[in-house]
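Understanding the architecture of this molecule
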Protein chains: 2
Amino acid sequence: MNAFTFYNPVKIYFGKDAIENVRHELSAFGPNVLLTYGGGSIKRNGLYERVVTILKECGKNITELSGIMANPRTTKVEEGVSLVKENHIDLILAVGGGSVIDCSKAIATVSCMEDMTDYWERLFVKKEKTNRALPLAAIVTLPATGSEMNTDCVITNWEEQLKYSYSSIHQYPRFSILDPQYTFTMPREQIVYGSIDILSHIYEIYFSMPDENNVSDDVALALMKNVMENLELALDNPLNETARGNLMWDATMALNGIIQVGKQEDWMAHKIEHALSAFYDIPHGAGLAIVHPVYLAYICKGHYEKFAHYAVSVMGIDPTGKTNHELALEGLKATSAFFKKIGAPTTLREVGIPASAIAAIAEKTLCIKTSYGELTKEDVAAILRQCY
Amino acid sequence: MNAFTFYNPVKIYFGKDAIENVRHELSAFGPNVLLTYGGGSIKRNGLYERVVTILKECGKNITELSGIMANPRTTKVEEGVSLVKENHIDLILAVGGGSVIDCSKAIATVSCMEDMTDYWERLFVKKEKTNRALPLAAIVTLPATGSEMNTDCVITNWEEQLKYSYSSIHQYPRFSILDPQYTFTMPREQIVYGSIDILSHIYEIYFSMPDENNVSDDVALALMKNVMENLELALDNPLNETARGNLMWDATMALNGIIQVGKQEDWMAHKIEHALSAFYDIPHGAGLAIVHPVYLAYICKGHYEKFAHYAVSVMGIDPTGKTNHELALEGLKATSAFFKKIGAPTTLREVGIPASAIAAIAEKTLCIKTSYGELTKEDVAAILRQCY
């Protein structure tokens, strides 16, 4: 195990009617709550009404920021910050998936900046350290990003076609509510893309140095297997409570730091996908399904043993008579086939991104020296051409 | 997944020279530190001197409580409480394994009680709730109990021959230092017993309801495998840094709550072992090696599928042509054989506990209704007879 620091103080309430815990948690905060959410789904499934009732019964004043969509934008962050200032908000309560929670985290941080001019440049580009954020809490309706138990947010700057992240210890939610029943009404497409996002998070961490035997990687493999098994069960029967509960906790576990300890993490497939979806408003999970297996095949040289381990223990590939190199490639082919089987696109063509766009997307990709080697914009273009 | 609440705010610093982080952490506490430790091993390996130097350089006044041995006793807790009161202690810094940390937790809680009369009865027997404890932090030298990242302590009342636990959210260490190099000088026996203790913790959690597919159980299986693999590597070469690091983090992960979410946990093998070692001062890990496989074989009926899963995925038993019942028993036999192979006792006879003591030990065992069924004192006696 490499050296690490682990600290995660988020309180998780998981299970049926876990939302009732909001009542006693609310007493720690002032009276003004900014309730943030996305489209109308929480109004249709009754969750909106339940949250509002609890907030009112606890004597809170509610301000609303609605319409936070996938790939939340800087404009929405700014709208939220204005509401925070006008209404002297004490707590942001995010009800939704990763986009709503991420947007709320950015609002929480930006609204505490003394001077928010150039906040995009200072936080998302230069990663300037901040020393506080407004308290926030989350009620999760879509298991995917793990945002409910970590410090990160990803925001899209639509004008500059950039999708960057910002991380701060002050962005940890004070508490998060995970009730699998809120996920029962998710459309099939969202279950699929959410689960691919979960798997992709685990890949970004597992497929990075160190390769040597370590606890984090072993737990990562267990989580990948659990996601795949339970995704198939949930697609067969969307009301399978066990499967939905497992997927929900898998999503949180994938990014709450536990499988990240001692790992370098590369996040290069996400960086390519962020460039993709900054140009084309495709679902994050769709972009990942296209990019991830191709990216991994591109970089697996020199790490065949680790990829073979994944192929055998997660994808169930029979190792008899095969080299690690063969197993690695077979495992990645099987991964792409799994994505296709569950209905995700696996080529850029399928989502209508033209080959002519590849150069510009590669140019926009934030290239870094990963733990598995340096990836240039030329490499990204080569990967994207293989995704076509 | 069953409903659960998860909250663990312990900050972990892991890796070589992680102890340097003590410096900035100390600034959050007052000047008077109670330094607690066990025998002389930390004086021999230089750790004592390093800790004292750091404390002095940070301007702290040091009071010492030494000689905290395995199965720490109420008398030692009381000695610590007196030192806390006489010296107006602001922080307890525990340097050692689970016994030192557990004893320090009890001191932290008892010294904050307004009236500590009957503290044994009130806390350890009746589990009375407390609302504060003195801050404590840990520097781990023996990976085993996971005490460095949880709320529990186990204390022995030698006069009453009882070994009971107490748990309080205020007993979470503020921070814990895990540097695998401090474990390099552990005697072989301690590596063995510490690792059996880790495995046993995972068994107590995994082998409990629910049996249905859940994230916690999948992570538990991954940890068990990691412990067994790395224990053998560490015994082959005690200076194998990777193996020692993995074992150290396995110990913490086994009991920091992560594999416990949604699980009922039974802890019945520990309860039997606690009765054993309240009568006979044998190492905790030795008692567990004797009791655990026999206890599991005694209760596995009706849960063969789960036991078979363990046998195949952790113990590497070939499932071809075998029933789950057969696999379950074969897996437990292999577990006992593994304990024997690494040098642990697997019968009461080997540790000199006479058959005539069984009735009294069973009588002392705290029997509970476990999630796998009720275990009476007669059952415990039957299990202990099979351990002979």
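Residues numbered from 1 in each chain as written. Chains lettered and ligands numbered in written order. Predicted model: local features only at pLDDT ≥ 70, side-chain atom pairs only at ≥ 80, totals over all residues. Heavy atoms only, no water.

1. Comments concerning the overall build of chain A
Applicable threshold: Secondary structure elements follow DSSP: runs of H or I no shorter than four residues count as helices, runs of E no shorter than two count as strands, and numbering proceeds from the N terminus. Relative accessibility decides the category of a residue: with a 1.4 Å probe and only protein chains considered, values under 20% of the type maximum give buried, values over 50% give exposed, and everything between is partly exposed. It only takes one pair of heavy atoms within 4.5 Å for two residues to be counted as in contact. His is not counted here, nor are the chain ends, while Lys and Arg score as positive and Asp and Glu score as negative. Think of each charge as sitting on NZ of Lys, CZ of Arg, CG of Asp or CD of Glu.
A tally of helices and strands in chain A yields 15 helices and 10 strands. Across its three principal directions, the C-alpha atoms of chain A cover 65 × 45 × 45 Å. Out of the 388 residues in chain A, the part that is buried amounts to 60%. Summarising the internal contacts of chain A: among those between residues at least 6 apart in sequence, 77% fall at separations of at least 24. Each charge class in chain A was averaged separately, 35 positive and 46 negative side chains, and the resulting centres sit 2 Å apart.

2. Brief notes about the pattern of salt bridges
Residue and element names in this part refer to chain A. This is how the line gets drawn: Salt bridges, as used here, are contacts in which a Lys or Arg side-chain nitrogen is within 4 Å of a carboxyl oxygen on Asp or Glu.
Per the counting criterion, the structure on display carries 30 salt bridges over all chains. Asp281 is the salt-bridge partner of Arg73, the closest N and O atoms lying 3.9 Å from each other. With Arg73 in the loop between strand E3 (61-65) and helix H4 (74-86) and Asp281 in the loop between helix H10 (268-279) and helix H11 (284-299), the pair connects residues that are 208 residues apart, well separated along the chain. The class of Arg73 is partly exposed, set by a relative accessible area of 29%.

3. Observations concerning the relation of the copies chain A and chain B
Put simply, the rule is: A residue counts toward the fit only if its pLDDT is at least 70 in both copies, and the copies are then superposed by least squares on the C-alpha atoms of those residues.
Here chain A sits on chain B after a turn of 180° about the axis and a move of 0.0 Å along it, with an RMSD of 0.0 Å. Accordingly, the operation relating the two chain copies is best matched by a two-fold axis. Minimal C-alpha distance to the rotation axis in chain A is attained by Pro9 of chain A, lying at 2.1 Å. Mapped onto chain B, 100% of the interface residues of chain A again fall at the interface, so both copies present the same surface.

4. As for the packing of helix H7 (residues 188-206) of chain A against H10 of chain A
When two helices pack together, you describe them by how their axes are tilted relative to each other and by the distance separating the axes. Residues and elements named next belong to chain A. Note the cut-off: Geometry is summarised by axes, namely lines fitted to C-alpha atoms with helices restricted to the contacting stretch, and by angles between N-to-C directions that run from 0 to 180 degrees. Every angle not falling under 35 degrees, over 145, or within 65 to 115 is termed oblique; those three ranges are roughly parallel, roughly antiparallel and roughly perpendicular. Polar here means any residue other than Ala, Val, Leu, Ile, Met, Phe, Trp, Tyr, Cys and Pro, which are nonpolar, and Asp, Glu, Lys and Arg, which are charged; Gly is therefore polar.
Remark: H7 packs on H10, axes separated minimally by 8 Å, with the N-to-C direction vectors making an angle of 135°. With respect to H10, the axis of H7 lies oblique. For the pair formed by H7 and H10, the contact residues are Asp197, Ser200, His201 and Glu204 on the first element and Met268, Ala269 and His270 on the second. Tallied by class, residues from the contact of H7 with H10 come to 2 nonpolar, 3 polar and 2 charged.

5. Some thoughts on the domain arrangement of chain A
Residue and element names in this part refer to chain A. For clarity, the threshold we go by: Domain start and end points were adopted from an automatic or database domain assignment. The term buried area denotes the loss of accessible surface (1.4 Å probe radius) that occurs when two parts are joined, taken as the sum for both partners. Polar contact is the term for a pair of N or O atoms within 3.5 Å; when the atoms are in protein, one must be able to donate a hydrogen and the other to accept it, and sequence-neighboring residues count only if both atoms are side-chain atoms.
Taken domain by domain, chain A consists of domain 1 (11-181) and domain 2 (188-386). A separation of 27 Å is found between the C-alpha centroids of domain 1 and domain 2. Domain 1 puts 24 residues into the contact, and the matching count from domain 2 is 25 residues. Counting the surface domain 1 buries against domain 2, the share from its top three residues, Pro143, Gln161 and Lys163, is 26%. Summed over the shared surface of domain 1 and domain 2, the result is 2 salt bridges. Between domain 1 and domain 2 we count 5 residue pairs in polar contact (both at pLDDT 80 or more) in total. Elements with a contribution of two residues or more to the side of domain 1 that touches domain 2: strand E1 (4-14) and strand E7 (162-167). Tallying contributions element by element places E7 first for the side of domain 1 that touches domain 2, with 3 residues.

6. Details of the side chain of Ser195 of chain B
Residue and element names in this part refer to chain B. Inspection of the secondary structure puts Ser195 in helix H7 (residues 188-206). The class of Ser195 is buried, set by a relative accessible area of 3%. The contact partners of Ser195, leaving out residues within four places of it in the chain, are Val227, Leu231 and Leu247.

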